[in-house]
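Below are the chains, spelled out letter by letter.
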Amino acid sequence: DTIVHIDNVTKRFGNVVAVDQLDMKIMAGEFVTFLGPSGCGKSTTLRMLGGFENPSEGRIVLDGVDVTSQPPNRRDVNMVFQDYALFPHMTVGQNVSFGLELKGKSRPEIERRMAELLDFLQLSGFRDRTPDQLSGGQRQRVALARALAPDPKLLLLDEPLGALDAKLRGQVQIELKDIQKRTGKTFFFVTHDQEEALTMSDRIVVMNAGRVEQSGTPEDLYFRP
Ligand code: ADP
Ligand code: ADP
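Now for a look at the structure at hand.

Criteria and thresholds
- Residues numbered from 1 in each chain as written.
- Chains lettered and ligands numbered in written order.
- Predicted model: local features only at pLDDT ≥ 70, side-chain atom pairs only at ≥ 80, totals over all residues.
- Heavy atoms only, no water.
- Helix = DSSP H or I, 4+ residues; strand = E, 2+ residues; numbered from the N terminus.
- Rg over C-alpha atoms; globule rule 2.2 N^0.38 Å.
- Buried < 20%, exposed > 50% of the residue type's maximum accessible area, 1.4 Å probe, protein only.
- Areas by Shrake-Rupley, 256 points an atom, 1.4 Å probe, with all protein chains shown as cover.
- Lys, Arg positive; Asp, Glu negative; His and termini not counted.
- Charge placed at Lys NZ, Arg CZ, Asp CG, Glu CD.
- Near = heavy atom within 4 Å.
- Polar contact = N/O pair within 3.5 Å; in protein donor to acceptor, adjacent residues only side chain to side chain.
- Nonpolar A, V, L, I, M, F, W, Y, C, P; charged D, E, K, R; others polar.
- Phe/Tyr/Trp six-rings, centres within 6.5 Å; stacked < 30°, edge-to-face > 60°.
- Pairing = 2+ DSSP bridges.
- Axes fitted to C-alpha atoms, helices over the stretch in contact; angles between N-to-C directions.
- Contact = heavy atoms within 4.5 Å.

### Points about the overall build of the protein chain
No. 1: Scanning the protein chain from N- to C-terminus turns up 7 helices and 10 strands.
No. 2: For 225 residues, the compact-globule estimate of 2.2 N^0.38 gives 17 Å, and the protein chain sits close to it at 17 Å.
No. 3: The principal-axis extents of the C-alpha atoms in the protein chain amount to approximately 45 × 40 × 35 Å.
No. 4: Counting every position in the protein chain, which comprises 225 residues, the buried fraction comes to 51%.
No. 5: Surface accessibility of the protein chain: about 10800 Å² in total, with carbon and sulfur atoms responsible for 48%.
No. 6: The distance from the centre of the 28 positive side-chain charges to the centre of the 31 negative ones in the protein chain is 3 Å.

Below you can see the structure in the form of structure tokens.
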């Protein structure tokens, strides 16, 4: 099933064509990575999916609904950032339950969902800590738990591993892929790191100057004889 259709989208900033007639479909449960050098249009694409930028032309269709003119809070999409953007004065539990409270969920439902997520992400023992009492990898998992909590249709990840040191990054790559598979969520991941893309993706879209240069599975793109 198609969950996202980027329907012939172009984005211009003045004379700069950041994204040039991009047309692609993303399947439900797919881990799609946009890979390419700085300035190729990865973040702009992600920001249009999240509703933080409007396309100059074309449409964003999410689960059959045209959301092109919908603001971020009206889309069933969530984001994970490189700097985690956790609330520093809130505990892990408060960070994770925040989005559920905004959605008006009942306290028992919030407790149930939070316990499930903290357990799933091996954070149960850290519920009452604040972010400064956590390691980088743990903070990343909290950010992920917070983003997954409202059960969004699509998760947008903008270089989320960029702040981790090289050793931890390899470990978190495997964790992230595992979490994606176990939740069955659709992940739209942006990176300039080829190894990250190869390790985690079902499909890699190689971008260059706002256009798709190549697209396929990691094997298609890098291991073809
Ligand atoms: P990437 O994420 O691949 O590094 P971006 O999507 O951030 O690339 O940027 C694509 C192009 O669009 C670049 O030339 C960048 O300078 C330009 N761009 C991005 N955002 C803006 C903006 N808000 N105003 C003007 N130009 C922008
Ligand atoms: P990234 O490559 O990770 O997107 P950037 O430094 O390119 O980081 O972009 C950071 C922010 O600045 C984004 O919100 C982007 O839209 C904006 N931006 C990028 N390029 C330009 C530009 N040429 N003029 C104005 N804003 C820009």
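Okay, back to it.
### Considering the site of ligand 1
No. 1: Looking at ligand 1, the residues that line it are Phe13, Val16, Ala18, Pro37, Ser38, Gly39, Cys40, Gly41, Lys42, Ser43 and Thr44.
No. 2: Between ligand 1 and glycine 41, the relevant distance is 3.1 Å, taken from an oxygen atom to a main-chain nitrogen or oxygen of the residue.
No. 3: Taking serine 43, its main chain carries an N or O atom lying 2.8 Å from an oxygen atom of ligand 1.
No. 4: Starting from 560 Å² of accessible surface for ligand 1 in isolation, the protein chains cover 59%.
No. 5: Taken together, the elements giving at least two residues each to the shell around ligand 1 come down to strand 2 (16-27) and helix 1 (42-50).
No. 6: No other element matches helix 1, which puts 3 residues into the shell around ligand 1.
No. 7: Residues of the shell around ligand 1, tallied by class, amount to 5 nonpolar, 5 polar and 1 charged.

### So, unusual backbone geometry
No. 1: At glutamine 21, a position not held by glycine, the phi torsion is positive, near 50°.
No. 2: By relative accessible area, which is 51% here, glutamine 21 ends up exposed.
No. 3: Here the phi dihedral of aspartate 151 falls at roughly 60°; this positive angle occurs in a residue that is not glycine.
No. 4: By the element assignment, aspartate 151 lies in the loop between helix 4 (136-148) and strand 7 (154-158).

### Examining the packing of aromatic side chains
Centre-to-centre distance and the angle between the planes together describe a pair of aromatic rings.
No. 1: A complete count under the given rule lists 4 aromatic pairs for this structure.
No. 2: Between the aromatic rings of phenylalanine 31 and phenylalanine 187, the centroid separation amounts to 5.5 Å while the plane-to-plane angle is 45°, which identifies the pairing as tilted. Taken together, the residues phenylalanine 31 in strand 3 (residues 31-35) and phenylalanine 187 in strand 8 (residues 186-191) connect sequence positions 156 residues apart. The same class applies to phenylalanine 31 as to phenylalanine 187, namely buried.
No. 3: Here the aromatic rings of phenylalanine 31 and phenylalanine 189 are separated by 5.7 Å at their centres, their planes lie at 45°, and the arrangement is tilted. Of this pair, phenylalanine 31 sits in strand 3 while phenylalanine 189 sits in strand 8, and the two are 158 residues apart along the sequence. Across this residue pair, the class does not change: phenylalanine 31 and phenylalanine 189 are buried.
No. 4: Through a chain of ring-to-ring contacts, three or more aromatic side chains come together here, namely Phe31, Phe187 and Phe189.

### Looking at the sheet that holds strand 6 (residues 77-80)
No. 1: In spatial order, the strands read 6-7-8-3-9-10; together these 6 strands make up an open sheet with mixed pairing. The two strands at the open ends of the sheet, each matched to only one other strand, are strand 6 and strand 10 (211-216). Direction aside, neighbouring strands of the sheet carry axes that sit 20° apart on average.
No. 2: Pairing between strand 3 and strand 9 (residues 203-208): 4 bridges, direction parallel. Looking across to strand 9, one finds that threonine 33 is bridged to isoleucine 204.

### Overview of the site of ligand 2
No. 1: Lining the immediate environment of ligand 2, one finds Ser43, Arg47 and Glu53.
No. 2: The separation between an oxygen atom of ligand 2 and a polar side-chain atom of serine 43 is 2.9 Å.
No. 3: Contact with the protein chains covers 22% of the free accessible surface of ligand 2, which is 540 Å².

### So, the sheet that holds strand 2
No. 1: Strand order in the open sheet made by the 4 strands is 2-1-4-5, with antiparallel pairing throughout. Strands with a single pairing partner mark the edges of an open sheet, and in this sheet they are strand 2 and strand 5 (65-66).
No. 2: Here strand 1 (residues 2-13) runs beside strand 2; their pairing, made up of 8 bridges, is antiparallel. Each bridged residue has a counterpart across the sheet, and for phenylalanine 13 the counterpart in strand 2 is valine 16.
No. 3: Packed on one face of the sheet, helix 1 meets strand 1, strand 2 and strand 4 (57-62) and runs near 120° to strand 1.

These figures come from the coordinates and say nothing about function on their own.
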